[in-house]
Amino acid sequence: MSRPRKVHVKSFGCQMNVYDSNRMADTLAPAGFTETARADDADLVILNTCHIREKAGDKVYSEIGRIRMLKDAAELQGRRMLIAVAGCMAQAEGEEIIRRAGAVDLVVGSQNYHRLPDLIARVQAGEQIVDTEFPVEDKFDVLAAPARDAIVKRGISAFVTVQEGCDKFCTFCVVPYTRGAEVSRAVEKIAAEVKRLAAAGVREVTLIGQNVNAYHGQGPDGRPWTLGQLLYRLADVPGIARLRYTTSHPRDMSDDLIAAHGELPALMPYVHLPVQSGSDRMLAAMNRRHTRKDYLDVIARLRAGRADLAFTSDFIVGFPGETEADFRDTLALLDEVGFACAYSFTYSPRPGTPAAEMEPQVPQAESADRLQRLQAEITRLQRAFNANLVGRTVDVLLEKPGKLPGQLVGRSPYLQTVHVMAPVALIGSVLPVTITNIGTNTLFGRLAEHTGTPALATAGA
Ligand code: SAM
Ligand code: SF4
């Protein structure tokens, strides 16, 4: 064991990066690194980056500038600070990062971070390294498992990557290039990770993947298993009260996954199903491989299996060629589905993707106007969804202390934050809470009397 050093990992972008950041810290722990929440006293700062939209890249370069100043200050104190850039931007830009930002010591791609201990040792010996080749080995076979303390510190709700990469090639998206082809982890390896999390007190697991319902990992019988089968397997892990998964593609919503929603109490009644646009013309130009009707049919099949399902989505406005009529189709789809919430973005041309070359690109002002109108509609739907819960009783997983004394913060089955007065000893419990009040993203409630009446969406805990 070498002398203790500190690593600060900052995550940008999606939940997959949050998961990867934790695994980077886990993998560096046996090499003597402890995690620090502060960049200024770190020996190693890792920026785990996102490349999905142009703004994401801009943010990283300005963060490198800030860390470089800390690095200079450390040097004046006779201390060496290393800067590593990891994740999708590292994968996409590689050497260019070091050309633009010479203070960066290491660029490591999203499939190579299991090599961090070795790469850091080489950087310390004086090399400046770019490691972005997709490796032959599977990083999950090499990554160190998290220590119990690290799991406990991260809370009772955890992410687990089950699938990476994407073969869909939507014309706007960089993911197939930055994360590579679809790869799924084997069922029993995922189950072992979930068991380890549960043994350290984790109560909720969100299975993540760029295209999570395309999951096809090897089952214990040697055959490829679907995400539905995987969920049934994980629902049996003692201690796991809640299961979720994200992000799904409408084309991969299989019958057994739909059945799981109807049959598995631990599977939360909440599905994030990005549609991007309500216009068939745009869906075709985006190469989404489904129509508006296909999408609505999937929603109907899911609702037939479980009536209280809530849906969220992602939308892009201002995709090349989008007209006002296409945009109105998107607005109409919002109302038709009645989403509980949604993420929305203006289209950002990404170098190397087919859409970046498409004409006509929509003027920025027009995209911004559409985004504003779309977001107003999303907020209206979200408020209506939340308001509908007032007076009802929902199961809440109590996660951590709130800001007020005696208050806990938890999550509803629909992922809303719920504030409730309750003793700390109840953290980790799933209890019925009657909703008394709402904010835009937050619900307020009180612990319900145990009347024996089942709460809405029982979590099976
Ligand atoms: N795999 C998911 C799917 O099938 O939609 C989403 C992955 S992506 C990380 C998350 C979201 O970012 C997408 O759903 C899309 O709305 C948005 N996005 C991706 N590329 C974009 C681009 N070039 N411009 C604007 N938004 C983009
Ligand atoms: Fe990107 Fe999702 Fe399309 Fe894959 S399915 S290319 S990750 S938007």
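What you see is a predicted model, and the numbers here were worked out from it, not measured in a lab. (Residues numbered from 1 in each chain as written. Chains lettered and ligands numbered in written order. Predicted model: local features only at pLDDT ≥ 70, side-chain atom pairs only at ≥ 80, totals over all residues. Heavy atoms only, no water.)

A. Up close: the sheet that holds strand E14 (residues 341–346). The strand order E12-E13-E14 describes an open sheet built from three strands, whose pairing is parallel. Where the open sheet ends on each side, the last strands, each with one partner, are strand E12 (270–272) and E14. Going from strand to strand, the sheet's axes swing by 10 degrees on average, the running direction of each strand aside. In the sheet, strand E13 (residues 310–317) pairs with E14 via six bridges, with the strands oriented parallel. Paired with threonine 312 across the bridge in E14 is cysteine 341. (Pairing = 2+ DSSP bridges. Helix = DSSP H or I, 4+ residues; strand = E, 2+ residues; numbered from the N terminus. Axes fitted to C-alpha atoms, helices over the stretch in contact; angles between N-to-C directions.)

B. Fine view of the pattern of salt bridges. Scanning all chains against the criterion turns up 34 salt bridges. A single salt-bridge network, built from bridges that share partners, covers Glu322, Glu324, Arg328, Glu366, Asp369, Arg370 and Arg373. (Salt bridge = Lys/Arg side-chain N within 4 Å of Asp/Glu carboxyl O.)

C. The arrangement of the nonpolar core in detail. Of all hydrophobic cores here, the largest spans 53 residues; its most connected members are Leu207 and Tyr245. Here this core takes six residues from helix H9 (residues 187–199), the largest share from any one element. In contact with leucine 207, not counting residues within four places along its chain, are Val160, Val162, Val212, Leu227, Leu230, Leu231, Leu234, Arg244, Tyr245 and Thr246. (Core = buried A, V, L, I, M, F, W, Y, C linked by side-chain atoms within 4.5 Å. Buried < 20%, exposed > 50% of the residue type's maximum accessible area, 1.4 Å probe, protein only. Contact = heavy atoms within 4.5 Å.)

D. Structural view of the pairing of E13. The element E13 is largely enclosed, with a buried count of eight among its eight residues. Of the two faces of E13, the one lined by Ala310, Thr312, Asp314 and Ile316 and the one lined by Phe311, Ser313, Phe315 and Val317 are each fully buried. As paired elements, E12 and E13 share three bridges and run parallel to each other. The residue bridging histidine 272 from the neighbouring strand is threonine 312, located in E13. Considered for its hand, the β-α-β crossover made up of E13, helix H14 (residues 324–337) and E14 is right-handed. (Right-handed = clockwise from strand over helix to strand, strands pointing away.)

By themselves these figures say nothing about function.
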